[in-house]
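Descriptive structure summary
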Amino acid sequence: MYVDNLCCAFEECGIECKQFRCPQILRSLPRSVLNLLFVLTEQFVMPVLGMRYDKVIHASNSVSIIGCLTRRTAIIVHDFISVNQRNTAFAARYIRATQRILSAFGRDVIYVSRSTERVGRRSRLFRKSRTFYFPNAFYRFLEKRTEPFMERGEQILLCSGWGKNKDLEGALDLYSRSELYKHRSLQILGLAGRNAIVDEFRGRSSIPQEQIEVLPEMSDADVIKAYQSASWVWVHSRKEGYGRSIAEARFCGGAVVATSISPFREQRDEFTFLYSDLEEFKNAVVECERASHLASARQPHEHDLLKAEIGRFVFGTS
């Protein structure tokens, strides 16, 4: 999604952009096989394909080692979750190794958020590199957004996922302990219909089963409808590189309750209410309920920032 929209931004700037991605026919393969194919493609195929282009951007936190030999190579860093040395998974080791090599050559680094950029500067990992800020763009999302917006319902839309950083169990615990379930039903977006964590929670909770609905995998148009029809949007996470769901809710005219982490604080506006614990969550919900009917669609300032940085990256303009 990030890369699709980044390509739109390059095209808006009059720059030809070619995206290389996994063929649809291969996407049903086991994840271990896909990971191996990804590494082989990134390390040995992309350096050959990249010879035809002025710039080659690796968009998944890792980079081709051979590609680092040329100044045309750049890396997009979404987060530093894998940099934690305690993470011994192959993917984390691979990302750390390729980032160190890119750092040694001083090749260009692109950050997706200011908070990720701050972490990168503190780590001094890329101290010899030129750095750029390519914020998330929303061209594809805005194309599919329809106006006037739908009438808002009574349910909350929780944007979550399966990763540990999403802390879905913690969000469900807050939903229960705050007794929010007595007033608002909950729809969960981002699980693509997988119910395991929610079913486990239901088994030890007295919350009526019908109060929590796990949404299936949906098209972009249906996701937009979910944003537009929710009373307000809830984004709960322990760690993120960026909070795309907050921005998308904003573009659909929704008010937001979200955890108080650095990337989310960057996006705070008068209709985004943050919390760090149960009491702050309760207060944020009260404030959101009071203000949600006043919220209207906000337009993305990210697009102007992105175009300016693309000009600096490609042409060296300020």
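How each quantity is defined
- Residues numbered from 1 in each chain as written.
- Predicted model: local features only at pLDDT ≥ 70, side-chain atom pairs only at ≥ 80, totals over all residues.
- Heavy atoms only, no water.
- Buried < 20%, exposed > 50% of the residue type's maximum accessible area, 1.4 Å probe, protein only.
- Helix = DSSP H or I, 4+ residues; strand = E, 2+ residues; numbered from the N terminus.
- Pairing = 2+ DSSP bridges.
- Right-handed = clockwise from strand over helix to strand, strands pointing away.
- Core = buried A, V, L, I, M, F, W, Y, C linked by side-chain atoms within 4.5 Å.
- Contact = heavy atoms within 4.5 Å.
- Patch = residues over 30% accessible without salt bridge, like charges linked within 9 Å, V, L, I, M, F, W, Y side chains within 5 Å.
- Areas by Shrake-Rupley, 256 points an atom, 1.4 Å probe, with all protein chains shown as cover.
- Salt bridge = Lys/Arg side-chain N within 4 Å of Asp/Glu carboxyl O.
- Axes fitted to C-alpha atoms, helices over the stretch in contact; angles between N-to-C directions.
- Parallel < 35°, antiparallel > 145°, perpendicular 65-115°, else oblique.
- Nonpolar A, V, L, I, M, F, W, Y, C, P; charged D, E, K, R; others polar.

For the rest of this paragraph, the subject is the pairing of strand β3 (residues 108-111). Residues in a regular strand project their side chains so that they alternate between the two faces of the sheet. Of the two faces of β3, the one carrying Asp108 and Ile110 and the one carrying Val109 and Tyr111 are both buried. By the bridge criterion, four bridges tie strand β2 (residues 73-77) to β3 in an arrangement that is parallel. Paired with Ile75 across the bridge in β3 is Val109. As defined by bridge partners, β3 adjoins strand β4 (residues 131-133) across three bridges and the pair is classed as parallel. Pairing of Tyr111 across the sheet is with Tyr133, part of β4. Where the polypeptide runs from β3 across helix α4 (residues 114-123) and back to β4, its parallel neighbour, the crossover connection is right-handed.

Here we take up the nonpolar core. Counting residues in hydrophobic clusters, the biggest one holds 32 residues, and the most contacted among them are Leu172, Ile188, Trp232 and Trp234. Mapped by element, the contributors of at least two residues to this core are β5 (156-159), α6 (168-177), β6 (186-189), α7 (196-203), β7 (212-214), β8 (232-235), β10 (272-275) and α11 (278-291). In this view, Trp232 contacts Gln155, Ile156, Leu157, Leu180, Arg184, Ala255, Val257, Val285, Cys288 and Glu289; residues no more than four positions away in its chain are not counted.

Glancing now at the pairing of strand β9 (residues 256-259). Covered by surrounding structure in β9 are Val256 and Ala258 together with Val257 and Thr259, the residues of both alternating faces. As judged from the three bridges shared by β8 and β9, these two strands associate in the parallel manner. Residue pairing for β9: Val235 is matched across the bridge by Ala258. Handedness of the crossover is the feature at issue here: the chain leaves β8, passes through helix α9 (residues 244-251), returns alongside β9, and the resulting connection is right-handed. Bridge count between β9 and β10: four bridges; the pairing is parallel. The partner of Val256 across the bridge, within β10, is Thr272.

Within the secondary structure, Phe44 is located in helix α2 (residues 31-49). Residue Phe44 is classed as exposed on the basis of its relative accessible area, which comes to 54%. Separated by 203 residues in sequence, Phe44 and Ala247 have C-alpha atoms that sit 36 Å apart.

It is worth spelling out a nonpolar patch on the surface at this point. A contiguous nonpolar surface patch, about 660 Å² in accessible area, is contributed by Leu36, Leu40, Phe44, Val45, Ile66, Leu69 and Phe105. Broken down by element, the nonpolar patch gets its largest block of residues, four residues, from α2. Of note, Leu40 is situated in helix α2.

Following the sequence through the fold, Ser292 ends up in the loop between α11 and α12 (302-315). Once you skip the residues sitting within four places of it in the chain, Ser292 turns out to touch Ser231 and Ala255.

Okay, unusual backbone geometry next. For residues besides glycine, phi is generally negative; the peptide bonds are generally trans as well. Despite not being glycine, Asn61 shows a phi value in the positive range, around 75°. Its place among the elements puts Asn61 in the loop between β1 (56-58) and β2. Judged by its relative accessible area of 9%, Asn61 is buried. For Arg124, which is not glycine, the phi torsion reads 60° and is therefore positive. You can see Arg124 is positioned in the loop between α4 and β4. Classification of Arg124 by relative accessible area gives exposed; the value is 51%.

Below, the discussion takes up the packing of α2 against helix α3 (residues 90-105). With their axes 12 Å apart at the nearest point, α2 and α3 run at an angle of 10° to one another. Compared by their axis directions, α2 and α3 come out roughly parallel. Listed contacts from α3 to Phe38, Val39, Glu42 and Gln43 of α2 are Phe90, Tyr94 and Thr98. A breakdown of the residues in the contact of α2 with α3 according to their chemical character gives four nonpolar, two polar and one charged.

Put simply, helix α1 (residues 2-12) and α12 touch, their axes get as near as 10 Å, and they point 75° apart. In terms of orientation, α1 and α12 fall into the roughly perpendicular class. In contact with Leu6, Ala9, Phe10 and Glu12 of α1, α12 contributes Leu306, Lys307, Ile310 and Val314. Partitioned by chemical class, the residues of the contact of α1 with α12 number six nonpolar, no polar and two charged.

Attention now goes to the sheet that holds β4. What the four strands build is an open sheet, ordered β1-β2-β3-β4; its pairing is parallel. The two strands at the open ends of the sheet, each matched to only one other strand, are β1 and β4. This sheet shows a mean twist of 25° between the axes of neighbouring strands, independent of strand direction. Contacts between α12 and the sheet are confined to β1, β2, β3 and β4, with β4 contributing the most and set at about 155° to the helix.

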